[in-house]
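# Secondary and tertiary structure notes
For reference, the chains in residue letters:
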Amino acid sequence: MIPSSPISALSLGPLTIHFYALCILAGIAVAMWWATKRWEKRGGDGDTLFDIVFAAVVAGIVGSRIWHVLTSPEPFFGPDGDPLAVLYIWQGGLAIYGGVAGGAIAVWIMARIKGVSFTALADTIGPTLMIAQALGRTGNWFNQELYGPPLDTWWAWDVTCVTNGQTIGGCVPGTYHPTFLYEQLWLLAGLAVLLLLSRRFQWAGGRVFWAYVAIYSTGRAWIDAIRSEPVLMIGSMRIHTLVALVMALVGVLVFVLLTIRKQQRGGEVVAADGSFELAAQTAGNGPDEDETEKSGTPPSPATDPSPGP
């Protein structure tokens, strides 16, 4: 069985280090490093990306917390709720769809401030979100949260409901479906599929990002359906499950529409400046202005007239 972590935080004098927060920060750091590599290959500047991602991370955390509070209001505004707990993000409760929405708005604004293509940014960041989410889910293991119905098998999660010597309120000890692990495995498998297909068929023009949305949401729909923590219900369906189903369909639909648009326009955005081709890379140098390397789509004489899907 999967054991539970006996601790979720470490106190160093007056400072308390929450492992949930460390997992989130680790995910952000790895995603940022990888996104920078991907952005530079598109002819973008690493410092510019850092500024954009910094704003996106802040907006994403705020958005993810707002979405969690709105969909699970009982612990905050119920009869025994604590409104101040809205601020206690280290205790868990960051919803990915709110995070992606908040981050996307920040990226869209920053893309225009910095004069780069929102479409290219979306394709750059999309796959990196999957590795960030996978690492972040480890924080749920430390907090002993996000599990499904009881399970009696070798991969069941043995939830003790005790962390740092204290009992977790509302938790019932037992062995459960480790839904946090299911999501991690789905994200890693989905990432492998996304990278394989996007490179094989040379996806660009926003299609990489929307493929990420479709892949992640498909797995999230069935994983969330078996989670057991209280959440806002729409009829007999958990709101997260419903949103995931809708987003999976939206992801597929937008992907198809962007594919049609590529065929109509004779190309799609691939470079950081919104053009349809990448500047060739010379050994040890940046883009070579005298040559161009085809990205799998016909060249465009100008930048994308309407960047962003």
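Small disclaimer: the values here were computed from a predicted structure and weren't measured.

For the rest of this paragraph, the subject is the overall build of the protein. What the protein contains, in helices and strands, is nine helices and ten strands. Residues counted as buried form 48% of the 309 residues belonging to the protein. Residue pairs at least 24 apart in sequence account for 69% of intrachain contacts in the protein once pairs closer than 6 positions are excluded.

To continue, consider the pairing of strand β2 (residues 15–18). As judged from the four bridges shared by strand β1 (residues 9–12) and β2, these two strands associate in the antiparallel manner. Bridging across to β2, Leu12 finds its partner in Leu15. Remark: two residues form the turn of the hairpin made by β1 and β2, two consecutive strands paired antiparallel; Gly13 in that turn has positive phi of roughly 65 degrees.

For Ala59, the location among the structural elements is in helix α2 (residues 46–71). Owing to a relative accessible area of 23%, Ala59 belongs among the partly exposed residues under this scheme. When the C-alpha atoms of Ala59 and Gly103 are compared, they prove to be 5.3 Å apart, with 44 residues separating the residues in sequence. If near-sequence neighbours (up to four positions away) are discounted, Ala59 is found in contact with Gly102, Gly103 and Ala106.

Between its terminal C-alpha atoms helix α5 (residues 118–136) stretches 25 Å, which fits the 27 Å expected from 19 residues at 1.5 Å a residue. With 17 of 19 residues buried, α5 is to be regarded as a mostly interior element.

On to the state of the cysteines. Throughout the structure, instances matching the rule amount to one disulfide. Covalent S-S linkage joins Cys161 and Cys171, the inter-sulfur distance amounting to 1.9 Å. Across the disulfide from Cys161 to Cys171, rotation about the S-S bond amounts to roughly -65 degrees, and the bridge is consequently left-handed. Linking Cys161 in the loop between β3 (157–159) and β4 (162–163) with Cys171 in the loop between β5 (166–167) and β6 (174–176), this pair joins segments that are ten residues apart in sequence.

Mapped onto the secondary structure, Ala56 falls in helix α2. Between the alpha carbons of Ala56 and Gly99 there is a distance of 8.9 Å; along the sequence they are 43 residues apart. Filtering out sequence-adjacent residues up to four positions away, Ala56 remains in contact with Gly103, Ala106 and Val107.

All chains considered together, the criterion is met by seven salt bridges. Taking the shortest distance from any N to any O, the salt bridge between Glu268 and Arg207 comes out at 2.7 Å. Here Glu268, found in the loop between α9 (239–265) and β9 (278–281), pairs with Arg207, found in helix α8 (residues 207–225); they are 61 residues apart in sequence, far enough to count as distant. One exposure class covers both Glu268 and Arg207, and it is buried. Between Arg227 and Asp224 there is a salt bridge; the shortest N-O distance is 3.7 Å. Both residues of the pair, Arg227 and Asp224, count as buried. Taken together, the shared-partner salt bridges in this structure form one network comprising Arg220, Asp224, Arg227 and Arg238.

Before going further, it helps to examine the packing of α5 against helix α7 (residues 179–200). Running from N to C, α5 and α7 cross one another at 160 degrees; their axes reach a closest spacing of 9 Å. One finds that α5 runs roughly antiparallel with respect to α7. In the packing of α5 onto α7, the handedness of the crossing is left-handed. Residues Pro127, Met130, Ile131, Gln133 and Ala134 of α5 form the contact with α7, whose own contacting residues are Glu183, Gln184, Leu187, Leu188, Gly190, Leu191, Leu194 and Leu195.

For any part of a model where pLDDT is low, the fine detail of the predicted coordinates should not be relied upon. Chain-level pLDDT for the protein is 87 on average; 89% of the residues reach the 70-or-more range. Here residues 282–309 is a poorly scored stretch, pLDDT under 50, and it has 62 contacts once near neighbours within four places are set aside; other chains count.

Bringing the nonpolar core into the picture now. In globular proteins that are soluble, nonpolar side chains generally tend to be buried together. Membership of the largest hydrophobic core comes to 30 residues, with the highest contact counts inside it found for Met130, Leu194 and Tyr212. Those elements giving two or more residues to this core turn out to be α1 (19–41), α4 (96–114), α5, α7, α8 and α9. Sort the elements by how many residues they give to this core and α8 lands first, with nine residues. What Tyr212 contacts, discounting residues up to four positions off in sequence, is Ile96, Val100, Gly126, Leu129, Met130, Gln133 and Leu194. If you look at the next biggest cluster of nonpolar residues, it comprises 19 residues, including Ala35, Val53, Leu121 and Val269.

What counts and what doesn't
- Residues numbered from 1 in each chain as written.
- Predicted model: local features only at pLDDT ≥ 70, side-chain atom pairs only at ≥ 80, totals over all residues.
- Heavy atoms only, no water.
- Helix = DSSP H or I, 4+ residues; strand = E, 2+ residues; numbered from the N terminus.
- Buried < 20%, exposed > 50% of the residue type's maximum accessible area, 1.4 Å probe, protein only.
- Contact = heavy atoms within 4.5 Å.
- Pairing = 2+ DSSP bridges.
- Expected span 1.5 Å × (residues − 1).
- Disulfide = S-S within 2.5 Å.
- Salt bridge = Lys/Arg side-chain N within 4 Å of Asp/Glu carboxyl O.
- Axes fitted to C-alpha atoms, helices over the stretch in contact; angles between N-to-C directions.
- Parallel < 35°, antiparallel > 145°, perpendicular 65-115°, else oblique.
- Left-handed = near helix turned anticlockwise from the far one by under 90°.
- pLDDT = per-residue confidence, 0-100.
- Core = buried A, V, L, I, M, F, W, Y, C linked by side-chain atoms within 4.5 Å.

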